[in-house]
Amino acid sequence: MGLTIIFGALGVVNFAHGALYGVGAYAGFVTYEYTGSFVAAMAAGAAFLLVVGVVVERGLIRLYYQRPPEDQILVTFGVAIILVEALRAVFGGLARNIPAPSWAAGIVNLRVTLYPTYRIDVLAIVGASLVLLYFILYRTRLGLIVRAGIEDQLMVNILGINVTRTFLTVFGLGAMAAGFAGVINAPIVTVTPDMGADILVQSFVVVVIGGVGSFWGAVVGGLIAGEILALTAMIQPAYSQVMLFTVMALVLILRPQGLFGVEGRQ
Amino acid sequence: MSARAARPAALARRFAPEIALIAVLVVLPAALPYIRGGTYDIANRILDWGLFGLGFDLLFGFTGLLSFGQAAFYGAGGFVAAYLLIAPFTTNAVVALIVGTVAASIFGVIVGYLSLRRTGIYFAMLTLAFNEMFFFLDISPLARWTGGENGVAGVPEPRLGFGLFTININDPGGLYWLLVVLFVVGFWLARRIVASPFGAVLRAVRENGARAAAVGHDVPKYKLTIFVIAAAYSGLAGGLLGLLQGYMPPDAFYLDTSGQLVVQTIIGGAGTLIGPLIGATVWLYLYTLLQNIAGIGALWKMILGIIFVVLVTIFRHGICGAVTLLWRRLSPQPPPAAEPPPPAEPERRAAEPRRSAQRPPPSGPVVLATRNLTKRYGGLTAVDDVSFELREGEIRAVIGPNGAGKSTFFNMLANVIPPSSGTIEFKGEDITGLGATLVCQRGISKSFQINQIFPSLTVRDNLRIPVLARAYGKFHPFMLRAVTRDAAVNAGIEEAASSVQLRDRLDVPAAELAYGEKRRLEIGLALATQPQILLLDEPTAGMSPAERTDTVRLLRRIAAGLTIVIVEHDMDVVFGLADRITVLFNGRKIAEGAPDAIQGNPDVRAAYLGSQAAHEPA
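Residues numbered from 1 in each chain as written. Chains lettered and ligands numbered in written order. Predicted model: local features only at pLDDT ≥ 70, side-chain atom pairs only at ≥ 80, totals over all residues.

Concerning the overall build of chain A
(1) Moving on: Summing up its helical and strand segments, chain A has eleven helices and two strands in all.
(2) Moving on: From first element to last, N terminus to C terminus, chain A shows the α and β order α-α-α-α-β-β-α-α-α-α-α-α-α.
(3) Moving on: In chain A, once contacts between residues fewer than 6 apart in sequence are set aside, the share between residues at least 24 apart is 72%. (Helix = DSSP H or I, 4+ residues; strand = E, 2+ residues; numbered from the N terminus. Contact = placed C-beta atoms within 7 Å.)

Details of the sheet that holds strand β13 (residues 580-585) of chain B
Paired through backbone hydrogen bonds, the strands of a sheet run either parallel or antiparallel to each other.
Residues and elements named next belong to chain B.
(1) Moving on: Overall, mixed pairing links the six strands, which are arranged β10-β11-β12-β7-β13-β14 in an open sheet. Sheet topology places β10 (444-447) and β14 (588-593) at the edges, where each strand pairs with a single neighbour. Direction aside, neighbouring strands of the sheet carry axes that sit 15 degrees apart on average.
(2) Moving on: One ladder, built from five bridges, connects β13 with β14; its direction is antiparallel. Its bridge partner being in β14, Ile581 is matched across the sheet by Gly593.
(3) Moving on: Most of the contacts of helix α21 (residues 515-527) go to β10, to which it runs at about 170 degrees, and overall it touches β10 and β11 (533-537). (Pairing = 2+ DSSP bridges. Axes fitted to C-alpha atoms, helices over the stretch in contact; angles between N-to-C directions.)

A few points about the domain arrangement of chain B
Residues and elements named next belong to chain B.
(1) Moving on: Taken domain by domain, chain B comprises domain 1 (43-160 + 171-287 + 296-330), domain 2 (355-443 + 531-614) and domain 3 (453-518).
(2) Moving on: With centres defined by C-alpha atoms, the gap from domain 2 to domain 3 works out at 27 Å.
(3) Moving on: Elements supplying a minimum of two residues to the side of domain 2 that touches domain 3: α18 (436-442) and α22 (545-558). (Domains from an automatic or database assignment.)

Thoughts on the packing of helix α9 (residues 196-210) of chain A against helix α7 (residues 120-139) of chain B
Two quantities define a packed helix pair, namely the angle between the helix axes and the distance between the axes.
(1) Moving on: Relative to each other, α9(A) and α7(B) sit at 120 degrees, their axes nearing to 9 Å. As the angle between them shows, α9(A) and α7(B) are arranged oblique. Here α9(A) and α7(B) pass one another in a crossing that is left-handed. For the pair α9(A) and α7(B), the contacting residues are A:Val201, A:Phe204, A:Val205 and A:Val208 in the first and B:Tyr122, B:Met125, B:Leu126, B:Leu128, B:Ala129 and B:Glu132 in the second. (Parallel < 35°, antiparallel > 145°, perpendicular 65-115°, else oblique. Left-handed = near helix turned anticlockwise from the far one by under 90°.)

Rendered as structure tokens:
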């Protein structure tokens, strides 16, 4: 669930994100097969996806900034189909697996419950990524431009800042985050070409609950969504997904712009 | 009307698309044996997807609402119908299909009500999320009725009609004719909807939803209605899926099903109604053909994905759009419409008197009043405690230096933004917080500082939108009458076009107008609602001096019988038009009176000169 927070906080959730996440997992899988090193797999997943992100943005997405949002949705959706099918063509539909690294194997006794060490490590990695992301978004020049670009692209352009290049950076970083997420999640879930579909839907739900383009909205939205899934899974597993969507519907009725969303911003 | 029936040629022209469609579908069975991989089964599935896509095309192609959740209604309609037949609550397929369609529509109301609270990508995300919710409901909590991941098996062959007229359909050929009838009827209905006043408003919503609302249309209600109609088409197609296969699979609820619908519609051509059917043909036929070719079989979906991206990037209207474009290129072009003749309007009232010199001071009843109107943005008070009264037939100018709060004040008058405190009264009734749509319906209409037109509609269709709002009220669900046959509406369009001198530009797309013409269209959109009070926000913004003079003359002509409030920077325009002037400065009203009095007012001079002297960077 933590991964969806990163997507939400970056404000770059799009329909290709699930597919990029899948590509990242496979990049990690290949690297792991060759090197046997999980760290190398993480690095390769992130680096490869940075390249993919840059290529896709320069080659395609760039043409769409002046077009209506519906066209942008359609093109990212098309990119997702091509990526997923490319994975299927290269690797086949069989499920693959990256084992958890040896330093994170085993189980921790948390007194109340037993918990796999690797999941705790993932939690730590997500936490660290969030801190890093917060730092970049709110404490650096790039972050300021990114946030301003989300608010008012034209104005930032007029001020003499090349927003196009900033969008490239953001798209690239978003893809990189997706690739990284794909690798670190691979030991927990199975690696299949369309493994990204679930996380895509969950990211959307987090963004809708938390509010658009809000860092804290994404964090709170992610935590709420995680809690709902975990709690209903304990009591009534069949309803856990349904509960999540019900809460989303409630937020829409009571506060359509999301918990932390700013009114009027689309 | 009898004349129409007597002219088969006219009738044939009117139903040409339906006739062509029927001809192709009737001939198809004879051709099937000669088409590689051509079977009734694949033809039936194509027709079912085409029917499914008709609703989606109305929703996306015509209204601009990109939903990724149509599978929710496809599945819902399908499972309700299938369950009714196997339970069995009914043995009649028609009853099951109708109940399934109604059920899908009811789900459409709920999902639409929630999803339509957001627009653009968030609307798409929400429909996708609700689609997923339906899928999870289907496979787990409702598994007792839906068979969970196994689906509902043993859906009987369809039996139609009652008593003596009962027909049992027990072969794919029979099913084909059932689908042909339903598709043709569905296609005809969709075409009626598109051609109706309701359809005209849908296109306006796609082009510029905010403006459609501002000229008096209840946009959320229009969106919800078309969402439900799309859900109904999906539900019917879903019900038919169960009948076709004798089995209702949970795949109907898959996100991939929604995605496939989107891809097919785009490939075929969104906004064409026939596009989804063509897209379905491409998808299903490619699948059948490529499946058996070694080496390519596994790649067929990727090929489709690439076609999709290319089409979205280059041919936004898919195969149908590309064919139409080619057709136009190849067919002899009529000479392009001549450039507009210089506005040599016959000056009916050639020597118009300078208004302020001649007119007595306005003395009619007060029609619009604000009491202590205030708007705060955080710590900034943009409009501070402004009370003002407007008399019937008056032309009032609101002026002030940049940042005086004119536009904010103006937007509050039109109910575009709500005030922080204070009230607005129209003819003695409190209209504060009614919203732009209702205020427009009552008779206050606003033209915008930045053009808010419907760019890809013609001037005629642009003006049609406000005229419809006046003629039929804020919501008009009649869908079966052609909008172009409404003589009163057509007359209203002509009238509005003449009053803003666009009569000979009626069939030009608004996007192709010159700037000054767009500006006049902008005023025309507000005027065509036949308001009692017209609010004009900088009508001459960006115009050349010559255009300004023309516009002042035009405004003076349309002012007869109207009450006007105008915000303007150009003092020639202000003093050439206004009966009285209100001056705002730093959000406060500092002066009000006849133009002569304002010209001599020391406070006004100080405000303008002072701000000029200081010349702060905005």
